[in-house]
Amino acid sequence: MENLSNERANFGSRLGVILATAGSAVGLGNVWRFPYMAGENGGAVFILIYVVCVLLLGIPCMISEFIVGRHGQSNTARAFSKLAGGSPWTVIGYMGVLTGFLITGYYAVVSGWCLQYVWASLIGHLHGDPDYFKTYFAGLAADPVKPVLWTVIILGMTYLIIENGVRDGIERASKLLMPTLFVLLLIIVVAACMLPGAEKGIEFLLKPDGSKLNSDVFLGALGQAFYSLSIAMGCLCTYASYFSKYTDLTKSATQIAVIDCMVAVLAGLMIFPAAFSVGVKPDSGPSLIFITLPNVFQQAFAAVPIVGYVVSLLFFVLLSLAALTSLMSLHEVSTAFFQEELHTTRKRAALTVTILTSVIGAFCSLSLGAVEGLSVVGKTLFDWFDFITGQIFLPVIGFLTCIFIGWVVPHKVVHEEFTNWGTLRGRFFHLYIFLVKYVCPLAILFIFLHQLGMLE
Ligand code: PHE
């Protein structure tokens, strides 16, 4: 009989905490956006700015969510409400859960495409001229059945992991999937960097070029840092509610951020050397991973087709793993919410979330061409989900969380969580509070206005 009210589940080890949370952070964003942004916007200079954004803004926001989650020992909505003591600040938590919920279906669609590409690589269907890859992807995205099926499959896989609980599900899966992901990444990086002409790609990614910098680049780096660290979606808060009272929040946030940055840079070292060795200029987003890269891998390893086949297959397996671990964290936000708020079992809560997000995912997927009329004001449902969650909810929740922690919650409470009730020195506490109070909210406000086109 499943336990409904007893002691709260938690991660069993420090490694579990780091790998599970890094699993949330490392996702499609690391592979399909970061490398391109870095290459286009000044190489090493951009990477430096990105790291500064992560250090000064990303990590403090992450710690803030950890504080709310671990203090609340419950799902994101309730965790905020506990700290807010019933005041209107409670709303932030509900917004976090809603965003996590909405983005799950949409993220699952793209994750489903990754699985479809694993399958297509496996059976040798990813083979043809550049036009073939374009038509293949367009055909898949607009297909009424296949992508919906893959969306349901990846959500089903997520369900099978999540239903086993925090330790036996999320933690165990992360301990298996994340190291596999790192190994695959290293294999592909080595293979790509050994290609003739690879240096040009490495140079494109890393060569410092300060002339490209402008406010767009800066705000772009900031937005990417937030997205890449899974900030403001309820994920960090939910996972932190499973941290123990010994978990050093600052150290964990830093380690997770370092892993996330490393994977992003390594993704660049996997993509650009291969692309430049065959003279293809890489782009970003879905077209990078589903159109450009399969073609690049095929051409780059044309001399030994079996290597091309293996690299392409491993690449999509890697991508699916990255997507799956992020999806687990998103799914968990709503699962924890339903389980605790509806007083039901974990299995039932997880199943409900799987079904509801499958429906959202199906509609998002169908809006990409299979069914007419799923567009609103010129944007497909898919694009709407992307826009509302990433560009509206993310900055709003991030902003409110900083204000809440910096200005509303008594610093004594924040300090207790920050120092594990005085057992840690908390050397950076004052810096942290300063950043959360002033720097982070202002920076987020800038990104928000910039994204809405109100700031040129
Ligand atoms: N951080 C993930 C990525 O880089 C995306 C994500 C955002 C996942 C929010 C979960 C929650 O792709």
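It should be emphasised that the depicted structure is a prediction, and the values quoted were computed from it without experimental measurement.

1. Regarding the overall build of the protein chain
Point 1. Along its length, the protein chain carries 19 helices and two strands.
Point 2. What you see for the protein chain is a C-alpha radius of gyration of 21 Å, in line with the 23 Å of a compact globule of 456 residues.
Point 3. Across its three principal directions, the C-alpha atoms of the protein chain cover 65 × 50 × 45 Å.
Point 4. Evaluated residue by residue, the protein chain yields a buried proportion of 59% over its 456 residues.
Point 5. In the protein chain, of all internal contacts separated by at least 6 residues, the share reaching a separation of at least 24 is 82%.
Point 6. In the protein chain, 25 positive and 26 negative side-chain charges are present, and the distance between their average locations comes to 9 Å.

2. Regarding the packing of helix α18 (residues 411-418) against helix α19 (residues 429-451)
Point 1. Contact pair α18 / α19: the axes reach a minimum separation of 11 Å and the direction vectors enclose 125°. Classified by the interaxial angle, the pair formed by α18 and α19 is oblique. Read as a crossing pair, α18 and α19 show a hand that is right-handed. Here H411, V414, H415 and F418 of α18 lie close against α19, whose contacting residues are F429, Y432, I433 and K437.
Point 2. Looking at the contact of α18 with α19, its residues break down into five nonpolar, two polar and one charged.

3. Quick notes on the site of the ligand
Point 1. What surrounds the ligand is a group of 15 residues, the closest being A25, L28, G29, Y107 and Y227.
Point 2. Between the ligand and Y107 there is a distance of 2.9 Å, counted from an oxygen atom to a side-chain nitrogen or oxygen.
Point 3. In the environment of the ligand, a nitrogen atom lies 3.1 Å from a nitrogen or oxygen atom belonging to the side chain of S230.
Point 4. Summarising the interface, the protein chains cover 100% of the accessible area of the ligand, which totals 320 Å² for the free molecule.
Point 5. Only α1 (14-25), α2 (28-32), α11 (215-228) and α15 (305-341) provide two or more residues apiece to the shell around the ligand.
Point 6. Grouping the constituent residues of the shell around the ligand by class yields seven nonpolar, eight polar and no charged.

4. Thoughts on unusual backbone geometry
Point 1. One non-glycine residue, A232, lies in the positive phi region at around 70°.
Point 2. In this structure, A232 sits in the loop between α11 and α12 (235-240).
Point 3. On the basis of relative accessible area, A232 is assigned to the buried category, the value being 1%.
Point 4. With a phi angle near 50°, N420 is a residue other than glycine that sits in the positive phi range.
Point 5. Turning to its location among the elements, N420 is positioned in the loop between α18 and α19.
Point 6. Overall, N420 belongs to the buried group, its relative accessible area being 4%.

5. Description of the packing of helix α4 (residues 44-72) against α11
Point 1. Between α4 and α11, the least distance of the axes is 9 Å, while the angle of their chain directions is 50°. With respect to α11, the element α4 is oriented oblique. α11 is crossed by α4, and the crossing has right-handed handedness. Together, F46, I49, Y50, C53, V54, L57, G58 and C61 of α4 and V217, F218, A221, L222, Q224, A225, F226 and S228 of α11 make up the contact between the two elements.
Point 2. Considered class by class, the residues forming the contact of α4 with α11 number 13 nonpolar, three polar and no charged.

6. Here's the deal with the side chain of T99
Point 1. For T99, the location among the structural elements is in helix α6 (residues 90-122).
Point 2. The class of T99 is buried, set by a relative accessible area of 0%.
Point 3. Not counting residues up to four positions away in its chain, the partners in contact with T99 are A232, M233, T389, F393 and I397.

7. Focus on helix α5 (residues 76-84)
Point 1. Buried within α5 we find T76, A77, A79, F80, L83 and A84. Taken down its axis, α5 places every buried residue within 165° of arc, on the same side.
Point 2. Considering only its buried residues, α5 is in contact with α4, α6, α12, α15, α17 (381-408) and α18.
Point 3. Structurally, the start of α5 carries an N-cap: the backbone nitrogen of A77 is 3.0 Å from a side-chain oxygen of N75.

8. Notes on the state of the cysteines
Point 1. All told, the structure shown has zero disulfides when counted by the stated rule.
Point 2. Free cysteine: C237, not disulfide-bonded; nearest cysteine sulfur from C235 at 9.9 Å.
Point 3. Cysteine C440 shares no disulfide, and the gap to the nearest cysteine sulfur, in C61, comes to 4.2 Å.

9. Side note on α4
Point 1. The end-to-end C-alpha separation of α4 is 40 Å, in line with the 42 Å expected for 29 residues at 1.5 Å each.
Point 2. The axis of α4 is deflected most strongly, by about 40°, at V54.
Point 3. For α4, the tally of buried residues reaches 22 of 29 residues, placing the bulk of the element in the interior.
Point 4. Immediately beyond the C-terminal end of α4, within one or two residues, lies Q73, with a positive phi of roughly 50°.

10. Quick notes on the environment of L56
Point 1. Within the secondary structure, L56 sits in helix α4.
Point 2. The spatial distance from the C-alpha of L56 to the C-alpha of L435 is 7.0 Å, given a sequence separation of 379 residues.
Point 3. The contact partners of L56, leaving out residues within four places of it in the chain, are L435 and C440.

11. Let's talk about the environment of L57
Point 1. With respect to the helices and strands, the residue L57 is situated in helix α4.
Point 2. Classification of L57 by relative accessible area gives buried; the value is 7%.
Point 3. As for L57 and F226, which are separated by 169 residues in sequence, their C-alpha atoms are 8.3 Å apart.

12. Overview of the confidence of the model for the protein chain
Point 1. With 98% of its residues at a pLDDT of at least 70, the protein chain reaches an overall mean of 93.
Point 2. Ignoring residues within four places in sequence, the model shows residues 1-5, a span with pLDDT below 50, making seven contacts including any to other chains.

About the criteria used
- Residues numbered from 1 in each chain as written.
- Predicted model: local features only at pLDDT ≥ 70, side-chain atom pairs only at ≥ 80, totals over all residues.
- Heavy atoms only, no water.
- Helix = DSSP H or I, 4+ residues; strand = E, 2+ residues; numbered from the N terminus.
- Rg over C-alpha atoms; globule rule 2.2 N^0.38 Å.
- Buried < 20%, exposed > 50% of the residue type's maximum accessible area, 1.4 Å probe, protein only.
- Contact = heavy atoms within 4.5 Å.
- Lys, Arg positive; Asp, Glu negative; His and termini not counted.
- Charge placed at Lys NZ, Arg CZ, Asp CG, Glu CD.
- Axes fitted to C-alpha atoms, helices over the stretch in contact; angles between N-to-C directions.
- Parallel < 35°, antiparallel > 145°, perpendicular 65-115°, else oblique.
- Left-handed = near helix turned anticlockwise from the far one by under 90°.
- Nonpolar A, V, L, I, M, F, W, Y, C, P; charged D, E, K, R; others polar.
- Near = heavy atom within 4 Å.
- Polar contact = N/O pair within 3.5 Å; in protein donor to acceptor, adjacent residues only side chain to side chain.
- Areas by Shrake-Rupley, 256 points an atom, 1.4 Å probe, with all protein chains shown as cover.
- Arc of directions from axis to C-beta.
- Disulfide = S-S within 2.5 Å.
- Expected span 1.5 Å × (residues − 1).
- Bend = angle between axes of the 7 residues up to and from the residue.
- pLDDT = per-residue confidence, 0-100.

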